[in-house]
Amino acid sequence: TNVTSIVAHALEAAGGDDARARHTIVVLDEFDKIFHSEVTDQSFHPVNNLLTLIGGSVVTHSDNKMTCSLDTSSMLFICLGAFAGLDEIIQKRVSGKTTIGFGASGYTEAPKEDLSKQVTKQDLHEYGISWEFLGRIPLITATNKLTTADYKRILTDSLASPIQQYDDLLSKAIGVHVSISGTAAEHIAQQASGSQMGARGLSQIVTELLTPAIYNIGNDSSIAKITLDLNQNGLYIDQQQGPRPVKEDHRQHAPDPLAPINCADTLGSVPFGCIPDWNEVTLYSLQIQKASEDVRWKSLSQPYPKEEIDAA
């Protein structure tokens, strides 16, 4: 993706209002991948474009659809990333030798708390981020790691919960609801907290468990709800019987657009009390039908032969 397209997205989100677009909050996710990948040359073109964008200047975006410019000096840029391997750099720094010589006390014990909270710009530079970038980022902070309670809350209360997403999908499609018990949510939260996938691990675990049940409900229309639960043998799917809501198929009532129109039958069911001449209404209908069949429009003032009107 072209870095300058951020300017176009900001203007689009602001409804074309240049003054509002200048105060856009831009979130750059996976920011660490730019510097911790195979491309390590700091003159890499997207890196230079990001420097211009974050540094604050008039940035111009041009493509086949539009050309626009925007001053990014007042924009707020938030750079997010997991920064895998940064902890090792911090640990090496904080647990290094404090003194040398005969009075050396050896290595300092590494702190037990989250090392990412002690990150410095020097650590980030050693990680691979250039000083040009670091000079444009005034504030560096670290978020707390997700706890088991956080993972459980994502499963049960968040709109981003995979349980909620499956429930929305299946209930709207075939009327089958999906839920999770408290004990199952606690168990899955503990599994996710012990992995390195973060909150994405919740979706993987839930999908693996629900996939067989989703195939099953397609073959058994008596299943109205499935619940992810836990017993002494582990996680399992509890399938509950019940009627599903009847969904009317509107396609059954839709007229066939290719079927011939019987003017007498169609107009006979419509009260035309306000039309003084029934033949006039029939004439209009015949003219519309004839124009559609011949793929051309004729003037409604052009009369049709009397025998066609009488036949209708």
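Preceding this paragraph is the structure being described.
Our subject in this report is the structure included herewith. (Residues numbered from 1 in each chain as written. Predicted model: local features only at pLDDT ≥ 70, side-chain atom pairs only at ≥ 80, totals over all residues. Heavy atoms only, no water.)

Before going further, it helps to examine the pairing of strand β7 (residues 234-241). Where strand β6 (residues 223-231) lies against β7, 8 bridges are found, and the strand directions are antiparallel. Bridge pairing in β7 links Leu228 to Ile237. The antiparallel pairing of β6 with β7 creates a hairpin that spans 2 residues between the two strands. (Pairing = 2+ DSSP bridges. Helix = DSSP H or I, 4+ residues; strand = E, 2+ residues; numbered from the N terminus.)

Another aspect to go through is helix α11 (residues 200-219). An ideal rise of 1.5 Å per residue puts 28 Å on 20 residues; α11 measures up with 30 Å between its terminal C-alpha atoms. Along α11, the largest kink reaches about 40 degrees and is centred on Leu210; proline Pro212 follows within four residues of it. Looking at the packing, one finds that the buried side of α11 touches α8 (148-157), α9 (162-173), β5 (177-180), α10 (182-193), β6 and β7. (Expected span 1.5 Å × (residues − 1). Bend = angle between axes of the 7 residues up to and from the residue. Contact = heavy atoms within 4.5 Å.)

It is worth spelling out the pairing of strand β2 (residues 58-62) at this point. Residues Val59 and His61 point to one face of β2 and are all buried, whereas Val58, Thr60 and Ser62, pointing to the other face, are not buried. Here β2 folds back onto strand β3 (residues 67-71), and the loop between the two strands holds 4 residues. (Buried < 20%, exposed > 50% of the residue type's maximum accessible area, 1.4 Å probe, protein only.)

One non-glycine residue, Glu30, adopts positive backbone phi at about 55 degrees. Among the residues examined, Glu30 registers a relative accessible area of 33% and is labelled partly exposed. If you check the backbone angles, Phe83 has positive phi at about 50 degrees while not being a glycine. In this structure, Phe83 sits in the loop between β4 (76-79) and α5 (86-94).

Moving on, we come to the packing of α10 against α11. Where α10 meets α11, the closest approach of the two axes is 9 Å, and the angle between their N-to-C directions is 130 degrees. Between α10 and α11, the crossing angle belongs to the class labelled oblique. Taken as a pair, α10 and α11 cross one another with a handedness that is right-handed. For the pair α10 and α11, contact is made by Ile188, Gln191 and Ala192 and by Leu202, Ile205, Val206 and Leu209, respectively. Grouping the constituent residues of the contact of α10 with α11 by class yields 6 nonpolar, 1 polar and no charged. (Axes fitted to C-alpha atoms, helices over the stretch in contact; angles between N-to-C directions. Parallel < 35°, antiparallel > 145°, perpendicular 65-115°, else oblique. Left-handed = near helix turned anticlockwise from the far one by under 90°. Nonpolar A, V, L, I, M, F, W, Y, C, P; charged D, E, K, R; others polar.)

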